[in-house]
Amino acid sequence: MDYKTDIEIADAAKIEPIEKIGEKIGLKNDDLEHYGKYKAKISWEAINRLNNNKDGKLVLVTAISPTPAGEGKSTVSIGLSQAFNRIGKKSVVALREPSLGPVFGVKGGATGGGYSQVIPMEDINLHFTGDIHAISTANNLVSACIDNHIYQGNALDIDVNNITWNRVVDMNDRSLRNIVNGLGKKTDGVPRQDHFMITVASEIMAVLCLSKDLKDLKEKISKIIVAYTRTGKPVYISDLKIQGAVAMLLKDAIKPNLVQTLENTPAIIHGGPFANIAHGCNSIIATKLAIKTSDYAVTEAGFGADLGAEKFLDIKCRTSGIRPDAAVLVATIKALKMHGGVNKNDLKEENIEALEKGFENLRRHVENLRKFGLPVVVAINQFAQDTDAEIEKLEKLCKDLGVEISLCQVWAKGGEGAEDLAKKLVKNIEKQKSEINFLYDVNDSIEDKLNKIVKDIYGGRRAVLTAAAKKQVKKLVELGLDKLPICVAKTQFSFTDNKNVIGAPRDFDIEIKTVRISNGAGFIVVETSNIMIMPGLPKVPAAENMDIDDKGNIVGLF
Ligand code: ADP
């Protein structure tokens, strides 16, 4: 079998000019703001016009708890959207923008793989249309203005030991987690401890993804809390009088980006918060546009369904009115075997027993999605080494659980490899109307909301707050900022807060270290004990295998 790399397949694709892709969803040339031949932003006039279209259906693609074996959510989302088009249902895929951190770290890009990719993949994976750079700059303008305000006399009485706003860079750079800035001469600023996060964890990213339009964006930015005064009062971006400047820096970043898949299916790629340390889904603007221009729109929520899907439903759907009609739970036989205890190096061997054990992880995710009222189809992203006996066993386990299963060969065959999945979804959606139930009432206490997530979604006992976290909760209650949805920052690899506890554990507590308000985004971020908001690079970063030749040809990007 000839195995081509993702970039080789992408380079050989018959890419169409972006106007042709726009035409498929009712966009005229004037509606597009071109970034070269194959990428464009979509104008507000067009978005407002298309908003009058009737809604299509929405499929949410999510997954079992990730393992180092890889699941392939983006690959399945792209393949599925291609498949819908092949079976005569108009479809657009709405995805997140890749962050440069994972591109150069372990994971690589986020443009799918094999014959289910979005292209031009090297552009999308690198600087794309500059949205993430604009978000970094907007975030760092706020930092610069905070430090300048303090230097210029600190009229707001900002407590330098209680600045909650961090600087950001879109890179995995552990050395910037804790820094001291303002060193040097008197005119070089006031020294203080500061921190960097990766850009995709920034509240600016969350705000951009949760805004309806520019007006909403500016209002949300105004409300962001960046610090507290020495008497404990919140300091808002509006106190610094820079909400206009910050919104202005995002004037293009807030417009969705149009590209295409290898089979020329329109793809809207916009916004990219991580699902472990942030809320994990693309922008409301992009998802709504996909719904308005499709019979069946496909979107993806990051990492496992305990993180991505829970936040998609409890945060994004609650604030936007978006309601998915069905969920696809992506799993691989390899990953299920890993959840059953198999070592990464032994995955090639058939192991029915481990598969059955690891199935418990899948079972819990299916049950969770059902709690939200969503019809679920399990998509098995097939790998060459999956054996017939393993596939048969998995089909039997799914049958016993009463969940439909579809084998997908999207990586090897593109859309053709997900036609069965697309047909099953159409059948399910036509048969069963989904009624989304949110997991908790935002008016519940922070502890109650958290305990519901821990018990009903993670399968644990309770959330245990450290003394510092309890103090932070008390403060939010005093400020009247506790009636908001919760965004849990937790490892993606486990239902617990320990990445090594795989499978479907029970009887565990989740330790909460920090509780902080994202008042602009409109949620409360709760960090578990072992979470990093600035990732680090591995011993051998993916960057070491990348290259570009004299003609501009790229290798090693995946
Ligand atoms: P996720 O969205 O779950 O993080 P991706 O769709 O980005 O995963 O896929 C991760 C990697 O795995 C990609 O490099 C992709 O090419 C590869 N991959 C996905 N599915 C398959 C498959 N069936 N066979 C081989 N490689 C695959």
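Residues numbered from 1 in each chain as written. Predicted model: local features only at pLDDT ≥ 70, side-chain atom pairs only at ≥ 80, totals over all residues. Heavy atoms only, no water.

### A few points about the site of the ligand
Here's step 1: The local shell around the ligand consists of Asp6, Gly72, Lys73, Ser74, Thr75, Lys107, Gly113, Glu300, Asn381, Gln382, Phe383 and Trp411.
Here's step 2: Aspartate 6 places a side-chain nitrogen or oxygen 3.1 Å from an oxygen atom of the ligand.
Here's step 3: The backbone of serine 74 places a nitrogen or oxygen atom 2.8 Å from an oxygen atom of the ligand.
Here's step 4: Contact with the protein chains hides 82% of the accessible area of the ligand, taken as 570 Å² for the molecule alone.
Here's step 5: Tallying contributions element by element places helix H4 (residues 73–86) first for the shell around the ligand, with 3 residues.
Here's step 6: For the shell around the ligand, the class distribution of residues is 2 nonpolar, 6 polar and 4 charged. (Near = heavy atom within 4 Å. Polar contact = N/O pair within 3.5 Å; in protein donor to acceptor, adjacent residues only side chain to side chain. Areas by Shrake-Rupley, 256 points an atom, 1.4 Å probe, with all protein chains shown as cover. Helix = DSSP H or I, 4+ residues; strand = E, 2+ residues; numbered from the N terminus. Nonpolar A, V, L, I, M, F, W, Y, C, P; charged D, E, K, R; others polar.)

### A few points about unusual backbone geometry
Here's step 1: Cis peptide bonds are those with omega within 30 degrees of zero, and the linkage from isoleucine 119 to proline 120 qualifies with 0°.
Here's step 2: Counting through the fold element by element, proline 120 comes out in the loop between strand E6 (116–119) and helix H6 (121–125).
Here's step 3: Positive phi, normally seen in glycine, also occurs at phenylalanine 128, with a value near 50°.
Here's step 4: On the secondary structure map, phenylalanine 128 appears in the loop between H6 and helix H7 (131–151).
Here's step 5: With a relative accessible area of 9%, phenylalanine 128 lands in the buried category.
Here's step 6: Within the chain, aspartate 507 stands out as a residue other than glycine whose phi angle is a positive 55°.
Here's step 7: Tracing the sequence through the fold places aspartate 507 in the loop between strand E21 (486–489) and strand E22 (509–518).
Here's step 8: A residue is classified by how much of its surface remains accessible, and aspartate 507, at 57% relative accessible area, is exposed. (Buried < 20%, exposed > 50% of the residue type's maximum accessible area, 1.4 Å probe, protein only.)

### What about the UniProt feature "binding site: ATP" (unreviewed entry) in the protein?
Here's step 1: Here the UniProt-annotated "binding site: ATP" (unreviewed entry) positions come out as Thr67, Pro68, Ala69, Gly70, Glu71, Gly72, Lys73 and Ser74.
Here's step 2: Mapped onto the elements of the fold, proline 68 is located in the loop between strand E3 (57–63) and H4.
Here's step 3: By secondary structure assignment, the location of serine 74 is in helix H4. (UniProt positions renumbered as here; feature names shortened; annotations may be inferred.)

### Observations concerning the packing of aromatic side chains
Here's step 1: Scanning the model with the defined rule gives 1 aromatic pair in all.
Here's step 2: Here phenylalanine 84 and tyrosine 296 contribute two aromatic rings whose centre-to-centre distance is 4.9 Å and whose plane-to-plane angle is 15°, an arrangement assigned as stacked. In this pair, phenylalanine 84 is assigned in helix H4 and tyrosine 296 in strand E16 (residues 296–300), connecting sequence segments 212 residues apart. Accessibility assignment for this pair places phenylalanine 84 and tyrosine 296 in one class, buried.
Here's step 3: Over the face of the ring belonging to tyrosine 458 we find lysine 490, whose NZ or CZ atom lies 4.6 Å from the ring centre. (Phe/Tyr/Trp six-rings, centres within 6.5 Å; stacked < 30°, edge-to-face > 60°. Lys NZ or Arg CZ within 6 Å of the ring centre and 35° of its normal.)

### Remarks on the pattern of salt bridges
Here's step 1: One pass over the full model with this rule turns up 31 salt bridges.
Here's step 2: The partner of aspartate 216 in a salt bridge is lysine 212, and the shortest N-O contact between them spans 3.9 Å.
Here's step 3: Of the residues examined, aspartate 216 reaches a relative accessible area of 10% and is grouped as buried.
Here's step 4: Of the residues examined, lysine 212 reaches a relative accessible area of 54% and is grouped as exposed.
Here's step 5: Through salt bridges with shared partners, a single network forms among Glu33, Lys251, Asp252 and Lys255. (Salt bridge = Lys/Arg side-chain N within 4 Å of Asp/Glu carboxyl O.)

### Describing helix H12 (residues 284–292)
Here's step 1: Here H12 lies mainly inside the structure; 8 of its 9 residues are buried.
Here's step 2: Inspection of H12 places Ile284, Ile285, Ala286, Thr287, Leu289, Ala290, Ile291 and Lys292 among the buried residues, and these make up the whole buried set.

### What about the domain arrangement of the protein?
Here's step 1: The domains assigned to the protein are domain 1 (6–126 + 253–431), domain 2 (131–246) and domain 3 (446–527).
Here's step 2: For domain 1 versus domain 3, the separation of C-alpha centres amounts to 27 Å.
Here's step 3: Each partner contributes residues to the interface: domain 1 has 25 residues there, and domain 3 has 22 residues.
Here's step 4: Carbon and sulfur atoms supply 60% of the area that domain 1 and domain 3 bury against each other, a total of about 2000 Å² over both sides.
Here's step 5: It is Asp306, Ile315 and Arg364 in domain 1 that bury the most area against domain 3; as a group they hold 31% of the surface buried on that side.
Here's step 6: Across the domain 1-domain 3 interface, the total number found is 1 salt bridge.
Here's step 7: Here domain 1 is connected to domain 3 by 11 residue pairs in polar contact (both at pLDDT 80 or more). (Domains from an automatic or database assignment. Contact = heavy atoms within 4.5 Å. Buried area = accessible area lost by both parts, 1.4 Å probe.)

### Focus: the confidence of the model for the protein
Here's step 1: Looking at the protein as a whole, its pLDDT mean stands at 96, while 99% of the residues score no less than 70.
Here's step 2: In the model output, the complex is listed with pTM 0.96 alongside ipTM 0.97. (pLDDT = per-residue confidence, 0-100.)

### Some details on the nonpolar core
Here's step 1: Judged by nonpolar contacts, the single largest core of 135 residues is most densely connected at Val226, Leu250, Leu362 and Tyr458.
Here's step 2: In this structure, Leu95, Val259, Val410 and Leu425 belong to the second largest nonpolar core, which totals 31 residues. (Core = buried A, V, L, I, M, F, W, Y, C linked by side-chain atoms within 4.5 Å.)

### Comments concerning a negative patch on the surface
Here's step 1: Taken together, the side chains of Glu350, Asp388, Glu392 and Glu395 present a region of like negative charge at the surface.
Here's step 2: Mapped onto the elements of the fold, aspartate 388 is located in helix H16 (residues 388–401).
Here's step 3: Under the relative-accessibility criterion, aspartate 388 is labelled exposed at 63%. (Patch = residues over 30% accessible without salt bridge, like charges linked within 9 Å, V, L, I, M, F, W, Y side chains within 5 Å. Lys, Arg positive; Asp, Glu negative; His and termini not counted. Charge placed at Lys NZ, Arg CZ, Asp CG, Glu CD.)

### With respect to the sheet that holds strand E7 (residues 158–163)
Here's step 1: With respect to topology, 3 strands assemble into an open sheet ordered E7-E12-E13, the strand pairing being antiparallel. At either end of the open sheet lies a strand with only one pairing partner, and these are E7 and strand E13 (234–236). For this sheet, the mean angle separating the axes of adjacent strands, direction not counted, is 50°.
Here's step 2: Sheet topology note: the E7/strand E12 (residues 225–229) ladder contains 2 bridges and is antiparallel. By the bridge assignment for E12, isoleucine 163 is matched with alanine 227. (Pairing = 2+ DSSP bridges. Axes fitted to C-alpha atoms, helices over the stretch in contact; angles between N-to-C directions.)

### Observations regarding the pairing of E3
Here's step 1: Among the 7 residues in E3, 6 count as buried, and that is most of the element.
Here's step 2: Relative to strand E17 (residues 326–331), E3 runs parallel, the two being bridged by 5 bridges. Note on E17: the bridge partner recorded for threonine 62 is leucine 329.

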